[in-house]
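Overview (structure and organization)
Chain residues, written in single-letter form:
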Amino acid sequence: MTVLTSIEGGAGRIDQNSQGEATIAQYLGAYEQGSTDALYDLGVAFSTGSHGVACDMIEAHKWFNIAASKGHEEAAWCRADISDEMTAREISEAQRRARQWLSEGQRKVA
């Protein structure tokens, strides 16, 4: 089960249901097949709470940020839009998570 914890911890824990887990796995699989749009789609799912994915703006920002770093222009716009609704601390946490995810991906390639 995917467990996402807010920066405050404990009370902010978000557990994904099986549909949410399947959606996340599907998008990550599509990304591994070369689809940058899948990273953007993850951001949309987290920002809207769609396709069974629990709404989490920190995770949404993270995925929009990663997609934008790979050249997805619309993801950059969405990242900017949701940033207006987030605290500096939340944005910082989203950026930390994005850097961590990207660095873990680089280690797998090496």
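For the structure itself, consult the block above.
Figured I'd write up the structure that's included with this text.

What counts, and where the lines are drawn
- Residues numbered from 1 in each chain as written.
- Predicted model: local features only at pLDDT ≥ 70, side-chain atom pairs only at ≥ 80, totals over all residues.
- Heavy atoms only, no water.
- Helix = DSSP H or I, 4+ residues; strand = E, 2+ residues; numbered from the N terminus.
- Expected span 1.5 Å × (residues − 1).
- Buried < 20%, exposed > 50% of the residue type's maximum accessible area, 1.4 Å probe, protein only.
- Arc of directions from axis to C-beta.
- Contact = heavy atoms within 4.5 Å.
- Axes fitted to C-alpha atoms, helices over the stretch in contact; angles between N-to-C directions.
- Parallel < 35°, antiparallel > 145°, perpendicular 65-115°, else oblique.
- Left-handed = near helix turned anticlockwise from the far one by under 90°.
- Salt bridge = Lys/Arg side-chain N within 4 Å of Asp/Glu carboxyl O.

Some words on helix H1 (residues 18-32)
- If you check H1, its first and last C-alpha atoms are 21 Å apart, about what 15 residues at 1.5 Å a residue would give, namely 21 Å.
- Inspection of H1 places Gly20, Thr23, Ile24 and Tyr27 among the buried residues, and these make up the whole buried set. Within H1, the buried residues cover an arc of 95 degrees as seen down the axis, which keeps them to one side. Projecting away from the buried face of H1 at angles above 90 degrees are the exposed residues Ser18, Gln26 and Glu32.
- Looking at the packing, one finds that the buried side of H1 touches helix H2 (37-48).
- Looking one or two places after H1, you find Gly34, whose phi comes out positive at around 110 degrees.

Overview of the packing of helix H3 (residues 57-69) against helix H4 (residues 73-83)
- Running from N to C, H3 and H4 point in directions that differ by 150 degrees, and their axes come no closer than 8 Å. When the interaxial angle is binned, H3 and H4 end up roughly antiparallel. Between H3 and H4 lies a crossing whose hand is left-handed. Touching Met57, Ala60, His61, Phe64, Asn65, Ala67 and Ala68 of H3 are Ala75, Ala76, Cys78, Arg79, Ile82 and Ser83, all from H4.

Focus on the pattern of salt bridges
- As enumerated under the stated definition, the model contains four salt bridges in all.
- With a shortest N-O distance of 2.8 Å, Arg97 and Glu59 are connected by a salt bridge. A residue pair is termed long-range when its members are at least 10 positions apart, and Arg97 in helix H5 (residues 88-109) and Glu59 in helix H3 qualify at 38 residues.
- Overlapping salt bridges bring together Glu59, Lys62, Glu93, Arg96 and Arg97 as one network.

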